[in-house]
Amino acid sequence: MRTIAELLPEHPFFSGLDERWIDLITGCASNTHLSPGTYLFREGGPADTFFLIRRGQVAIEAATPTGAVVVQTAHEGDVVGWSWLVAPYRWTFDARATEETSLIAFDGACLRDKCAEDPELGYALLQRVVRVISAHLHSARVRLLDLYRNPS
Amino acid sequence: MVPRRFVVTGTRRDTDDTCTLDLTAADDQPLAFASGQFTMLSAFGVGEVPISISGDPAYPEVLRHTIRDVGGVTRSLVAARPGTMLGVRGPFGHGWEVADGRGGDVVFVAGGIGLAPLRPAVLEVCADRTSYGRVSLLYGTRTPGDILFGPDLRAWAREHDIDVEETVDAATHGWRGRVGVVTHLIDQASFDEAHALVLVCGPEVMMRYAAQALLDRGLAREQIRLSMERNMKCGVGLCGHCQLRELFLCVDGPVLTYDRLEPLLTRAEL
């Protein structure tokens, strides 16, 4: 059984992060395994966790009167959730495992405390989170273009 | 320049707006073609349009076209029934030349109907699979209902060790696969950047973003080939309808490497 400290540097999100910071944040992390259908979080709930996906698939969903709509899926190598970093720390969507999914879950408050104690770590983490947010924003804009629509 | 007569021998409805036609030459002379080439296909009395060939280049006896209903001519073609006579000119243009990728990895990136022009190249790779390393097919569509060649996709994965990844922009009820843009599949695909050939086909903007994602992974522009679908008319570089600055896409393309296309694709109204 490999430890979280061994697993973290292998995840693309933490790739290249200084070893001393890996050691520092490992204390905030725990391994989690979810069965299909299990919710990671629900819209409006307190955003107190940050997830790295090791295996499986997570659907980011919005509840609508006609049922849940999947707006995006996340997979091995992806991260889920950045609301833990931004006040008022509330989830803006639902997230649900759609297959057997293994994750590393971080305590958001613990991570925020570590970042406050060591701004250099905070900056390094923020750069990584902003990269993820930027990629999601780009994807959302591309999807707004509706590239595959029938021109007729 | 004179169309040859071909008879529709088979039809298949692929999606709500897309249909595949199998054609046989009325004079029994097969039309040899290379993967990635197109023909000018005419519905007599209606008009002529450029359509990429989606069939197997190893079996030219059947000329296969997958057509999306986007206007008057394509509507007539999609409505054609077995026995209908159509006109065919071509084949035209430079194809994928996927054999250049032998010895390395090959990645196909398709968006929407863009899988149709890639299909002959995929079949070429399947027929000579041991000559290639890892092969991936990354496919994005608008909805699950727009996915083309579903049985082919499953067979390529199962029988030819092709890593097929699909994603949709908008999920419908019951869809259990990926939701998101096709470029995200590029970020996560397994291939050797230094020895990979990537063939991309889809809407022009999608191809541009796909090419950017490939450059971000460290590929050289010369390793990326795009199929440009512009307004081909004559098919032989005379009329200028498909001109893209110095290029006549019907003869210089439709398949071109990204080093030639990059400066042209980022200019509005070119």
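Scroll up to find the structure this text is about.
Residues numbered from 1 in each chain as written. Chains lettered and ligands numbered in written order. Predicted model: local features only at pLDDT ≥ 70, side-chain atom pairs only at ≥ 80, totals over all residues. Heavy atoms only, no water.

(A) Spatial organisation of helix α2 (residues 19–26) of chain A. Residue and element names in this part refer to chain A. Those residues of α2 not exposed but buried are Trp21, Ile22, Ile25 and Thr26. Buried residues of α2, viewed axially, fall in a sector of 135°; they line one side. Of the surrounding secondary structure, the elements contacted by the buried residues of α2 are α1 (4–7), β1 (29–34), β8 (101–107), α3 (108–117) and α4 (119–144). Two or three places before Arg20, at the opening of α2, Asp18 has a side-chain oxygen 3.1 Å from that residue's backbone nitrogen. (Buried < 20%, exposed > 50% of the residue type's maximum accessible area, 1.4 Å probe, protein only. Helix = DSSP H or I, 4+ residues; strand = E, 2+ residues; numbered from the N terminus. Arc of directions from axis to C-beta. Contact = heavy atoms within 4.5 Å. Polar contact = N/O pair within 3.5 Å; in protein donor to acceptor, adjacent residues only side chain to side chain.)

(B) Examining the pattern of salt bridges more closely. Under the definition given, this model contains 22 salt bridges over all chains. Here the residues in one salt-bridge network are Asp18(A), Arg20(A) and Glu120(A), joined through shared partners. (Salt bridge = Lys/Arg side-chain N within 4 Å of Asp/Glu carboxyl O.)

(C) Region of the structure containing the state of the cysteines. Counted according to the given criterion, the structure contains one disulfide over all chains. At a sulfur-sulfur separation of 2.0 Å, the disulfide partner of Cys28(A) is Cys110(A). The disulfide joining Cys28(A) to Cys110(A) has a torsion of about -65° about its S-S bond and is therefore left-handed. Placement of Cys28(A) in the loop between α2 and β1 and of Cys110(A) in helix α3 is noted, with a sequence separation of 82 residues between them. Owing to a relative accessible area of 5%, Cys28(A) belongs among the buried residues under this scheme. Distance from the sulfur of Cys239(B), which forms no disulfide, to the nearest cysteine sulfur (Cys234(B)) is 3.7 Å. Residue Cys239(B) is classed as partly exposed on the basis of its relative accessible area, which comes to 35%. Here Cys242(B) is not disulfide-linked; the sulfur of Cys250(B) is the nearest cysteine sulfur, at 3.7 Å. (Disulfide = S-S within 2.5 Å.)

Everything listed here is a matter of coordinates, which is why it stays silent on function.
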